[in-house]
Amino acid sequence: MSVTAASGFRASGVTAGLKPSGTPDVALVVNDGPSHGAAAVFTANRCKAHPVTWSQQVVSDGRVDAVLLNSGGANCYTGSQGFLTVHRSAELVAELTGLSAGDVVVCSTGLIGQQLDLVRLLAGTEAAAGALASDGGPAAARAIMTTDTRPKEALVAGQGWVVGGMAKGAGMLAPALATMLVVITTDADVDAETCDRALRAATRVTFDRLDSDGCMSTNDTVLLMASAASGIAPSYDEFAEAVRVLCADLARQLLADAEGAKHDISIEVVGAASEEDGLEVGRAVARSNLLKCAIYGEDPNWGRVLAAVGTTGAQFDPQEVDVSFQGVKVCIAGEPGEPRELVRFDGRDVAIRIDLHAGAESVTVWTNDLTVDYVHENSAYST
């Protein structure tokens, strides 16, 4: 499973002492080829961490040979010293593996505004290079965790080729990715252009539709690397669907591990005049703290749904909107529908369906409830 499920890749995860917990915090994934096509999607936040600005340049030519990842510090708003840390660590990976620093992506995750311990990071990088193995994917997935309670890994098998991946993230899940790092590998024989097309199509309907708390990270990176080691070139449609399924799997794992959440909420918007309208409505509802608190209390408060819908510029008639909780249509045409008492919150999953009756488009956005544990986690995060 994970990033070493695809042939042609080695990975590792080690402890460098960047995290006070003493848990693994440096991971390395290397593509041994024979091909090195790659693509990546990064945060849309204008305040980007140093690893993001470095990695955007690395990926610009469509080639990536390795990716170094650390938890225990975001290396964001750390000035010239922070950029030097990225540069030095990429150069060390290149020196230890015989690669070019210009083909090494760097990813960091953790607290913003604190310098990474360069000595420890470089020592961890050296240890990670020495521990590289064809079955090192699970160790790498564990080393990139921050507030995650468990590693996230996924695998999709094609006909003689595979796509594997790992992810970290447990909060700040908002459109334009999330507070997450994702590394996807494949041994399919696909070029950089195919990787880019498939990755962007997949992230648009998976990671980009997670909205845990409306906050956008500075470090988001989703990287896809292809080794072509299987020697098999699938059709674009086959490959793109495998990447989409893998991203959807990892996205749901991220949502299920959102900080302190008690419920995972799917917000399905149907009858929208356009996809853009559906997304705007879905995100407005996902970001309603009043609604999220209601779900935490297992209250199907559909008035809070309509209040959020009404803040958007989407096309709809307020007197025609229907709202369902768990399949119970509690609001019909903007008026009370079936009794709220029929709604059951029997498990973690909560389904909200909003019919705008304005068109034929449908969109789903995923979020979670707002809990006391979430507030505690994020109020005590840096202390």
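Scroll up for the structure.
All figures in this text were calculated on a predicted structure; none of them were measured in a lab.

What about helix α2 (residues 79-97)?
When the terminal C-alpha atoms of α2 are compared, their 28 Å separation across 19 residues agrees well with the 27 Å that a helix rising 1.5 Å per residue should span. Where α2 is concerned, the buried positions are G82, T85, V86, S89, A90, L92, V93 and A94. Check the buried side of α2 and you find it contacts β2 (26-31), α1 (50-59), β4 (66-71), β5 (104-109) and α3 (118-130). Positive phi appears at G98, one or two residues downstream of α2, with a value of about 75 degrees.

A word on the environment of L122
Positionally, L122 belongs in helix α3. Separated by 150 residues in sequence, L122 and A272 place their C-alpha atoms 52 Å apart. Setting aside its immediate chain neighbours within four residues, L122 contacts R88, S89 and L92.

A word on the nonpolar core
One finds V67, L69, M166 and M225 to be the most contacted residues of the largest nonpolar core, which totals 48 residues. Take this core: its biggest share by element is 5 residues, from β2. Formed by 32 residues, the second largest nonpolar core is a distinct cluster that contains A188, V190, C195 and V222.

Some words on the pairing of strand β8 (residues 181-186)
With 6 of its 6 residues buried, β8 lies for the most part within the structure. Residues L181, V183 and T185 point to one face of β8 and V182, I184 and T186 to the other, with burial holding for every one of them. Here strand β7 (residues 162-168) pairs with β8 via 6 bridges, running antiparallel. Bridging across to β8, K168 finds its partner in L181. The pairing of β8 with strand β9 (residues 221-226) spans 6 bridges and is parallel. Looking at β9, one finds that I184 is bridged to L224.

A word on the packing of helix α7 (residues 275-286) against helix α9 (residues 302-309)
Two elements in contact, α7 and α9, have axes whose closest approach is 8 Å; the angle formed by their N-to-C orientations is 130 degrees. Taken together, the axis directions place α7 and α9 in an arrangement best described as oblique. Helix-helix and strand crossings are classified by hand; for α7 and α9 the assignment is right-handed. Only V305, A308 and V309 of α9 make contact with α7, whose side of the interface consists of V281, A284 and V285. In the contact of α7 with α9, the residues fall into 6 nonpolar, no polar and no charged.

Here we look at the sheet that holds strand β3 (residues 37-42)
Reading across from one edge, β3-β9-β8-β7-β6 is the order of the 5 strands in this open sheet, with mixed pairing throughout. Each having just a single partner strand, β3 and β6 (152-157) make up the two edges of the open sheet. Along the sheet, successive strands turn relative to each other by an average axial angle of 10 degrees, direction set aside. Of the strands in this sheet, β6, β7, β8 and β9 are in contact with helix α6 (residues 236-256), which crosses β6 at around 155 degrees.

A few points about the packing of aromatic side chains
Summed over the entire model, instances satisfying the criterion amount to 2 aromatic pairs. Ring geometry for W161 and F239: centres 6.2 Å apart, planes at 50 degrees, overall tilted. Within this pair, whereas W161 is found in the loop between β6 and β7, its partner F239 is found in helix α6, the two being separated by 78 residues in sequence. Judged by relative accessible area, which is 4%, W161 ranks as buried. By relative accessible area, which is 0% here, F239 ends up buried. Over the aromatic face of Y236 sits the side chain of R197, whose NZ or CZ is 3.7 Å from the ring centroid.

Re the pattern of salt bridges
Under the counting rule described, the total for this entry stands at 16 salt bridges. E275 is the salt-bridge partner of R204, the closest N and O atoms lying 2.6 Å from each other. Taken together, the residues span a long stretch of sequence, with R204 in helix α5 (residues 192-205) and E275 in helix α7 at a distance of 71 residues. Residue R204 is classed as partly exposed on the basis of its relative accessible area, which comes to 42%. Looking at E275, the relative accessible area reads 24%, which means it is partly exposed. Taken together, the shared-partner salt bridges in this structure form one network comprising D148, R150, K152 and D257.

Calculation criteria
- Residues numbered from 1 in each chain as written.
- Predicted model: local features only at pLDDT ≥ 70, side-chain atom pairs only at ≥ 80, totals over all residues.
- Heavy atoms only, no water.
- Helix = DSSP H or I, 4+ residues; strand = E, 2+ residues; numbered from the N terminus.
- Expected span 1.5 Å × (residues − 1).
- Buried < 20%, exposed > 50% of the residue type's maximum accessible area, 1.4 Å probe, protein only.
- Contact = heavy atoms within 4.5 Å.
- Core = buried A, V, L, I, M, F, W, Y, C linked by side-chain atoms within 4.5 Å.
- Pairing = 2+ DSSP bridges.
- Axes fitted to C-alpha atoms, helices over the stretch in contact; angles between N-to-C directions.
- Parallel < 35°, antiparallel > 145°, perpendicular 65-115°, else oblique.
- Left-handed = near helix turned anticlockwise from the far one by under 90°.
- Nonpolar A, V, L, I, M, F, W, Y, C, P; charged D, E, K, R; others polar.
- Phe/Tyr/Trp six-rings, centres within 6.5 Å; stacked < 30°, edge-to-face > 60°.
- Lys NZ or Arg CZ within 6 Å of the ring centre and 35° of its normal.
- Salt bridge = Lys/Arg side-chain N within 4 Å of Asp/Glu carboxyl O.

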